[in-house]
Amino acid sequence: MVIGAGIAGIQAALDIANAGYEVVVVERLPSIGGHMLQLSETFPTLDCSQCILTPRTVEVGRHEKIKLYTYSEVESLEGEVGNFRVRIRRYPSYVNWDICTGCGVCQEKCPKRVISTDFERGIGKRKAIYTLSPQAVPNKPVIDPENCLYFTQGKCRVCERFCPVGAIDYNQKERIFEEEVGAVIVATGYELLPLTELGEYGAGTIPDVIDSLAFERLLSASGPTAGKILRPSDGKEPKVVVFVQCAGSRDPERHMPYCSKICCMYTAKHAMLYRHRVHDGQAIIFYIDIRSAGKGYEEFIHRAVTEDRVLYIRGKVARLYQEDGKVVVRGVDTLSGRQVEIAADLVVLAVAMVPRPETRALAEKLGLRLDEHGFLEEEDRNFAPLESGRPGIFLAGAGTGPKDIPETVSQASGAAGKVLSLFSQWG
Amino acid sequence: MKVSYFPGCTLNTKGKGFDRSVREALAALGVELEELPDWNCCGASFPLLVDNVLDLAGPARVLVAASAQGDKLATACTTCYNVLKRTNRVIRLDRERRERLNYFIEADYQGQVEVMDVLQILRDEVGFEEVKAKVQKSLSGLKVACYYGCMVLRPPAEVAYDDPENPHALDELMASLGAEPVLWGGKVECCGNYLVAIKPELAMEMSYRIISSAYRAGAEVLVTNCPLCQFNLDRWQRDLVVKKGGFRPLPVLYFTQLLAIALGLDPTRYELEKHYVDPKPLLKAKGLLDQEVG
Ligand SMILES: Cc1cc2nc3c(=O)[nH]c(=O)nc-3n(C[C@H](O)[C@H](O)[C@H](O)COP(=O)(O)OP(=O)(O)OC[C@H]3O[C@@H](n4cnc5c(N)ncnc54)[C@H](O)[C@@H]3O)c2cc1C
Ligand code: SF4
Ligand code: SF4
Ligand code: SF4
Ligand code: SF4
């Protein structure tokens, strides 16, 4: 069983399934892909994230050896390596997925628009019946009862009327499934530090201060602005964009003491892609120092500076506030020893990668340890980084700590290899 | 509700308007502040500067007196709050200094008193909803810039009862009185504090930034909870009107002055005439003060 179907879970599931073993995949969201599906292009190659991911999500969806439980969570796990019994709780989607064809008519006709705070990071909208993205796997919608007019006010039923196959089922209940599996890979990934935690940066109250994932959505051709860089407050194209690195990372006093490892790289990518789209725009990055250890990474940073003329200022931003339609950035340039003040049109915060709060409950159910921050703890950081400490349960991806895609994928294949070597011993 | 009260030297001398508005506003909200008998100076910022136990004796004596009277001690002066709260923390956490202090002041005090700022009492004990229900004269239409003294926020782990980088208790209180708190960038900028004594030009510049930022955000008045900030921000404007072209003065009020006015109390009791920038024309224009008051 693979828990979590981000790129880590997808890679591990495909490796194992392609070796000829059955895989059960459990994903909390209605469809698979995790954070990678929200990204625009990936460093250091600038591949289109969705384009390289979609073949893999589709393969998972179609693979005869993979049984996919989306919109589901692990309820309990008993037994031991080679013989785990799991109970899986599947949330009601209010759509009978067995007959739904994924035609999308329901989403088109649904009158209720909702701001998509999760997938589109508050910038785009979705309907009360929705899929996470047009390329969702499985491409079947769910109704969100908190916003659906039928669930909240007892009227509407528009989707039911228009569905050509009669798949809408307002009475669907939660269901529990049972499976038996030999080994488990936990690939539950990460979250971002919420803007509300960053009081010095406006605590989420300044509309033109957004987090890095929201900027990925602005950059995405399939995103809410179709890839145009438009700021949230007035929909105008920002001409001065300030990027703040280490927002909530490397700050033992107030936030996370650790380095989030990937944000130097994606911030360079953000500034670069912004400059490609807005030729007369200024991209300014505040940094403490640049951590770009990886194949082709330092060269990537160099390119941002020399080819794309991104301005790097070494120092921290002390405060952000709104004034006259601008976001005032007050910070320090530690190389010149001066305070700087910049009136920006948009500010992008490279917020810390943090553990998901729900991982705590999952770790309890599975009997796994967490580190001091709440990330999954490896059995041994040197020699058993993929083992959880409980035999038969392995770890992969950003659930154990910040990681980029190449490292996540290596771990996932590593964990899959561990599982396969177990299976080969049993014959 | 009865709560022990430590006015401190500032409120007993320069800040009488603050002191009186605190006592009367809280009384109107059903909180009876019982002044500690025979209190002494908390020592202001000095006791915490050096690692000397004896310097803590002053504030410790205040805490001991408070412990005889109840489980909470209210302060309105932010410096007193800071000193008392931090001294109490030393007593709670540092056994050696606790024992030596107790020996010296002949007491047996373990740090059990809860030191609370008046704003914190309004938020946590009275509740802003309750305050809102008691408003007689809404401050509606009054645009306020809330300015937080750093002494109630720093060091965060030891004293903060609000988000140290983005405090909002004062904004919420003002909103519950009907006023309109503006969004601005000066909330927690340093007012210059004791730089007044060593580098006055710099202190003036710092006040200038804060006041002009509030003005640009559309504020008609600055509201603060700190006597030293009040003094700095108010007093410098006398020079600023002369030195800075285009400078527009803003009155600087204690939050409890506005609270008292909103609760229907008599504004003339709170030494409005002692402010350098006269707040009376504004209050009259907003219908919060009788036209006849001189
Ligand atoms: C702004 C930004 C830009 C980035 N750009 C790049 C880049 O250009 N290049 C690069 O290499 N990396 C980039 N990254 C990093 C990249 O996002 C991660 O390396 C990668 O997504 C990690 O994958 P994952 O599968 O471990 O975690 P996730 O993508 O978080 O996937 C975890 C999955 O598990 C599911 N899940 C969680 N808990 C449970 C549970 N209890 N039960 C069931 N399912 C659960 C989640 O719903 C999710 O689908 C970027 C990150 C950010 C924030
Ligand atoms: S019933 Fe709900 S989901 Fe269906 S169309 Fe109406 S609002 Fe949308
Ligand atoms: S209209 Fe019916 S078949 Fe089409 S996507 Fe919606 S639920 Fe599925
Ligand atoms: S990767 Fe770079 S931006 Fe991110 S926390 Fe580390 S040093 Fe800061
Ligand atoms: S080359 Fe080595 S020392 Fe220099 S930044 Fe990279 S890791 Fe650090």
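## Description of the domain arrangement of chain B
The parts lose accessible area when they come together, and the size of an interface is often stated as this lost area.
Residues and elements named next belong to chain B.
Link 1 in the chain: Domain assignment breaks chain B into domain 1 (2–119) and domain 2 (137–285).
Link 2 in the chain: Here the C-alpha centroids of domain 1 and domain 2 sit 25 Å apart.
Link 3 in the chain: Counting from both sides, the interface comprises 26 residues of domain 1 and, opposite them, 26 residues of domain 2.
Link 4 in the chain: Both faces considered, domain 1 and domain 2 share a buried interface measuring about 2,400 Å² in area, 66% of it formed by carbon and sulfur atoms.
Link 5 in the chain: Taken as a group, Phe 18, Thr 78 and Leu 119 account for 27% of the area that domain 1 buries against domain 2, more than any other trio of residues on that side.
Link 6 in the chain: Ionic pairing is found between Arg 89 and Glu 158, a salt bridge with its closest N-O pair at 3.8 Å.
Link 7 in the chain: If you look at where domain 1 meets domain 2, you find 10 residue pairs in polar contact (both at pLDDT 80 or more).
Link 8 in the chain: Of all the elements, helix α2 (residues 16–28) adds the most residues to the side of domain 1 that touches domain 2, at nine residues.

## What about the site of ligand 4?
Link 1 in the chain: Near ligand 4 you find A:Gln245, A:Cys246, A:Ser249, A:Arg250, A:Cys259, A:Ser260, A:Lys261, A:Ile262, A:Cys263, A:Cys264, A:Asp289 and A:Arg291, and these make up its full shell.
Link 2 in the chain: Here the shell around ligand 4 is composed, by residue class, of five nonpolar, three polar and four charged.

## Observations concerning the nonpolar core
Link 1 in the chain: A:Phe215, A:Leu320, A:Val347 and A:Leu349 are the most contacted members of the largest nonpolar core, which has 113 residues in total.
Link 2 in the chain: Those residues within four positions of A:Leu320 in sequence are excluded, and the remaining contacts are A:Glu200, A:Tyr201, A:Gly202, A:Ile206, A:Val209, A:Val327, A:Val328, A:Val329, A:Val347 and A:Leu349.
Link 3 in the chain: With 76 residues, the next largest nonpolar core counts B:Val53, B:Leu73, B:Leu84 and B:Val90 among its residues.

## Here we look at the sheet that holds strand β7 (residues 83–90) of chain A
All names here are of chain A.
Link 1 in the chain: In space, the three strands of this open sheet follow the order β6-β7-β12, with antiparallel pairing throughout. Both outer strands of the open sheet, β6 (72–80) and β12 (175–181), are each paired with one neighbouring strand and no more. Geometrically, the sheet is characterised by an average inter-axis angle of 20° between neighbouring strands, direction not taken into account.
Link 2 in the chain: Where β6 lies against β7, eight bridges are found, and the strand directions are antiparallel.

## Comments concerning the site of ligand 3
Link 1 in the chain: Residues in close proximity to ligand 3 include A:Val95, A:Cys100, A:Thr101, A:Gly102, A:Cys103, A:Gly104, A:Cys106, A:Cys163, A:Pro164, A:Val165, A:Ala167 and A:Ile168, which together make up its full environment.
Link 2 in the chain: Partitioned by chemical class, the residues of the shell around ligand 3 number nine nonpolar, three polar and no charged.

## Observations concerning the pairing of strand β17 (residues 282–287) of chain A
All names here are of chain A.
Link 1 in the chain: Counting buried residues in β17 gives five out of six residues, a clear majority hidden from the surface.
Link 2 in the chain: Summarising the sheet, strand β16 (residues 240–247) and β17 pair through five bridges and their orientation is parallel. Residue pairing for β17: Val 241 is matched across the bridge by Ala 283.
Link 3 in the chain: Between β17 and its parallel partner strand β18 (residues 311–314), the chain crosses via helix α8 (residues 297–306), and the hand of that crossover is right-handed.

Definitions and cut-offs
- Residues numbered from 1 in each chain as written.
- Chains lettered and ligands numbered in written order.
- Predicted model: local features only at pLDDT ≥ 70, side-chain atom pairs only at ≥ 80, totals over all residues.
- Heavy atoms only, no water.
- Domains from an automatic or database assignment.
- Contact = heavy atoms within 4.5 Å.
- Buried area = accessible area lost by both parts, 1.4 Å probe.
- Salt bridge = Lys/Arg side-chain N within 4 Å of Asp/Glu carboxyl O.
- Polar contact = N/O pair within 3.5 Å; in protein donor to acceptor, adjacent residues only side chain to side chain.
- Helix = DSSP H or I, 4+ residues; strand = E, 2+ residues; numbered from the N terminus.
- Near = heavy atom within 4 Å.
- Nonpolar A, V, L, I, M, F, W, Y, C, P; charged D, E, K, R; others polar.
- Core = buried A, V, L, I, M, F, W, Y, C linked by side-chain atoms within 4.5 Å.
- Buried < 20%, exposed > 50% of the residue type's maximum accessible area, 1.4 Å probe, protein only.
- Pairing = 2+ DSSP bridges.
- Axes fitted to C-alpha atoms, helices over the stretch in contact; angles between N-to-C directions.
- Right-handed = clockwise from strand over helix to strand, strands pointing away.

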